[in-house]
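# Analysis of the macromolecular model
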Amino acid sequence: MLLHHQCRPILAERERKDLLCHVRPEIGALQASFEPTEQVPEVTATMVVDSLIQKFPEKLVFPRKIRELTPGEKKYVQALNGQ
């Protein structure tokens with residue numbers, strides 16, 4: 001199983017699914033700075049999750065994007081308002 005897929009259940013268990021979008025960049029950063037030892041030969045999912053939780057201790061809140069109305073939608077709204 002791929003490393004970023006292994007992080008999903010750990011994040012869900014710790015109720016931090018808001019960090020899912022940061023998993024892949026964090027894996028790359030950890031692998032670049034990681035030096036293997038006999039006890040820990042490679043980057044693990046728990047290392048990635050622990051590092052993310054240290055970086056983002058508070059839950060992240062993503063604001064909803066408000067998109068612009070299309071010209072057709074604007075005409076519809078104007079027709080509804082009687083303009």
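Everything that follows concerns the structure shown earlier in this document.
Everything in this summary refers to the structure shown in the same document. What you see is a predicted model, and the numbers here were worked out from it, not measured in a lab.

### Points about the packing of helix α2 (residues 23-33) against helix α3 (residues 45-55)
Interhelical geometry of α2 versus α3 gives an angle of 105 degrees and a closest axis separation of 10 Å. Between α2 and α3, the interaxial angle falls into the category roughly perpendicular. Two secondary-structure elements touch here, α2 through Val23, Glu26, Ile27 and Leu30 and α3 through Met47, Val48, Ser51, Leu52 and Lys55. Partitioning the contact of α2 with α3 into residue classes produces six nonpolar, one polar and two charged.

### Brief notes about the nonpolar core
Judged by nonpolar contacts, the single largest core of 13 residues is most densely connected at Leu3, Cys7, Val23 and Val48. Those elements giving two or more residues to this core turn out to be α1 (3-13), α2 and α3. When neighbours within four sequence positions are excluded, Leu3 is seen to be in contact with Ile27, Gln31, Val43, Thr44, Ala45 and Val48.

What counts as what
Residues numbered from 1 in each chain as written. Predicted model: local features only at pLDDT ≥ 70, side-chain atom pairs only at ≥ 80, totals over all residues. Heavy atoms only, no water. Axes fitted to C-alpha atoms, helices over the stretch in contact; angles between N-to-C directions. Helix = DSSP H or I, 4+ residues; strand = E, 2+ residues; numbered from the N terminus. Parallel < 35°, antiparallel > 145°, perpendicular 65-115°, else oblique. Contact = heavy atoms within 4.5 Å. Nonpolar A, V, L, I, M, F, W, Y, C, P; charged D, E, K, R; others polar. Core = buried A, V, L, I, M, F, W, Y, C linked by side-chain atoms within 4.5 Å. Buried < 20%, exposed > 50% of the residue type's maximum accessible area, 1.4 Å probe, protein only.

As far as function goes, none of this settles anything; it's purely spatial.
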